[in-house]
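# Overview (structure and organization)
Residue-level listing of the chains:
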Amino acid sequence: MTIQMEKVCKRFPQPAGKELSVLEEVDLSIGEGEFVIILGESGCGKSTLLNLMAGLLPLSEGEIRVNGRRINQPHPSRAMIFQQPSLLPWLNVEENIVFGCKLRGEHDDLTVRTAQLIEIMGLSGFEKVKPHELSLGMAQRVCLARAMIGHPQILLLDEPFASLDTITRSHLQEELIEFWMVEKFTAVFVTHDIDEAILMGTRVVLLGGRPRGILKTYEVNLNFPRDIASRGFFLLRSAILKKLRESFDGYQRR
Amino acid sequence: MQTTPQLFQKRLKKLGPTWRYLAFRLGYSLLGIGLFILLWVAVGYALFARPGYEQFSGFLPVPTLEAFWGLLFESRFWMSVWASIRRVMIGITIAFIIGLPFGLLIGFYQKLQLLTYTPVQFLRMISPLSWMPVALLVFHSFESAIYFLITMATVWPIILNTAHGVSQVNPHWVNMARNQGAQDYQLLTRIVVPASIPYILTSLRLALGVAWIVLVPAEFLGISSGLGYIINDARDTMEYDRLGAIIIAIGFVGFVLDGSIELIQRMFSWNVA
Ligand SMILES: Nc1ncnc2c1ncn2[C@@H]1O[C@H](COP(=O)(O)OP(=O)(O)OP(=O)(O)O)[C@@H](O)[C@H]1O
Ligand SMILES: [Mg+2]
């Protein structure tokens, strides 16, 4: 599936009758099977952008089209992995994973698919465990499994690995990339970590500036699995950092 | 990352202190009961051992506890206990059937909450017993009048706590469910209601406490069963040991009912499995 954003603006009403403009005139076109990274500092509107794509927030202006059709509400073909843990505490791991399928009435070989995903995600033996007994990394795997079990065509990920330790994170990064190569979905991945961005993305979109919008877009033409010590990696990293600093200085001086 | 044995160990560790904690609590409970009886003896003797008050000596621990023992073998007592519990259950059930949907709606729609806030707070503050004359006018049977009183007493805590529970539902869960394709009614049945269960149980527990308090005076009305009735009866026949015993029984039954809801509450509180 493809996503086109045209002149997308998002403003939040403020208490004093004012409006907070978070995104202005965002144009972004995402092709089938791309792995697009949205990179930007905290508070620059990354989550907002993703929520707009998911259809969870109404637009202020502009238009978002998925496969050419305008969207205005969420749809399970665009599965989201949220920044905050969103497992239901009264359901166990297995029940959380099948939650969406049960909602939508998709019961076809659900048991088999669940068992497969639990195996792949390394959750075997934890099927009946309640979320509060899981470590953060495992909880995130459960969210990933819940998003993947419906075979979404678009996967939206909001800093899914931000609160994990380095080792767990790099494991999950590799697993996600393997998944993506097999399932061939379109991914939009939000992060504020440059290394994570270059490790995973086919394209990196820099979000920021004043007014906030897209600063610059970088194609990442490196083969998977990527080597963080390679020259290509290093050059791209420096370029992105330089751009980020420029924009930061730019609006600090103003 | 946690492995199975690690998790198992964690559970064991949790279990160890739990047992010790239970023993600790039990010890203090027994001590509390002992102190309570001591206080009862002291106050009882100070009051009823004075000349002119001998007739009230039935209220002292020994005669009261003897009478209590006697009550346990009396079928009329058990019939009364059952009659009282049945009334409370029916009254709360009616209040629950009315209060739950109201609470869910009020919690769900903010405008409805604003609209109902003042009337609900107002009605809530009216002592349930002040409805008694109204109840007697409206209902022909005393039995229905009692149900009405208990319903009037308990519907407010049920509405308010349920509404509070709904407003506390984590918005991320709602967004997650919407993203997974939930219809509006599914948001209610799959997210809002299960997430509110702890609050709903709390509301039932509060309702039970209020109902049990209102029940006894309500049973002073013209009926011939229930703990309120037999306590009145004991007063008229001046059997003060029996009166004291029934007071203890009322406390005891209330304690057991409250404790059973607390148990159910524990089962549904998902953080302490
Ligand atoms: N519902 C809302 N109402 C009002 N303001 C909001 C709302 N959601 C977000 N904002 C504001 O919009 C801006 C961008 O928020 P957003 O959550 O999109 O940032 P972010 O890039 O995801 O940050 P982080 O990296 O910390 O998650 C922030 O200034 C935030 O205060
Ligand atoms: Mg965010």
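The structure displayed is predicted, hence computed values, not measured ones.

## With respect to the domain arrangement of chain B
Assigned domains of chain B: these are domain 1 (4-48) and domain 2 (69-271). Computed over C-alpha atoms only, the centres of domain 1 of chain B and domain 2 of chain B are separated by 28 Å.

## Brief notes about the sheet that holds strand β5 (residues 69-70) of chain A
Residue and element names in this part refer to chain A. In space, the 4 strands of this open sheet follow the order β2-β1-β4-β5, with antiparallel pairing throughout. Among the strands making up the open sheet, the edge pair consists of β2 (19-30) and β5. In the sheet, strand β1 (residues 3-13) pairs with strand β4 (residues 61-66) via 5 bridges, with the strands oriented antiparallel. Opposite Q4, over in β4, you have R65 as the bridge partner.

## Quick look at the layout of surface pockets
A volume near 850 Å³ is recorded for the largest pocket. The wall of the largest pocket is formed by 23 residues, among which B:S29, B:I33, B:F252, B:F255 and B:V256 lie closest to the centre. Every element with two or more residues in the lining of the largest pocket is listed here: α1 (4-48), α2 (61-71) and α10 (240-268) of chain B. The element best represented in the lining of the largest pocket is α10(B), accounting for 11 residues. Here the residues of the lining of the largest pocket are counted per class, giving 15 nonpolar, 3 polar and 5 charged. Looking at which domains feed residues into the lining of the largest pocket, each of domain 1 (4-48) and domain 2 (69-271) of chain B gives three or more. The volume enclosed by the second largest pocket comes to roughly 420 Å³. Residue lining of the second largest pocket: 18 residues in total, with A:Q73, A:P74, A:H75, A:P76 and A:R78 positioned closest to the centre. A per-class count over the lining of the second largest pocket returns 6 nonpolar, 7 polar and 5 charged.

## Section: the coordination of the magnesium ion (ligand 2)
Taken together, the protein donors to the magnesium ion (ligand 2) comprise A:S47 (OG) and A:Q83 (OE1), at separations of 1.9 to 2.3 Å. Here A:S47 is found in helix α1 (residues 46-54), whereas its partner A:Q83 is found in the loop between β6 (78-81) and α2 (93-97), with 36 residues between them in sequence.

Calculation notes
Residues numbered from 1 in each chain as written. Chains lettered and ligands numbered in written order. Predicted model: local features only at pLDDT ≥ 70, side-chain atom pairs only at ≥ 80, totals over all residues. Heavy atoms only, no water. Domains from an automatic or database assignment. Pairing = 2+ DSSP bridges. Helix = DSSP H or I, 4+ residues; strand = E, 2+ residues; numbered from the N terminus. 1 Å grid on protein atoms, 1.4 Å probe; cavity = no way out; pocket = protein on both sides within 12 Å on 5 of 7 lines; lining within 4 Å. Points joined across faces, edges and corners; volume = space filled by probe spheres on them. Nonpolar A, V, L, I, M, F, W, Y, C, P; charged D, E, K, R; others polar. Donors = N, O, S within 2.8 Å, 3.2 Å for Na, K, Ca; no water.

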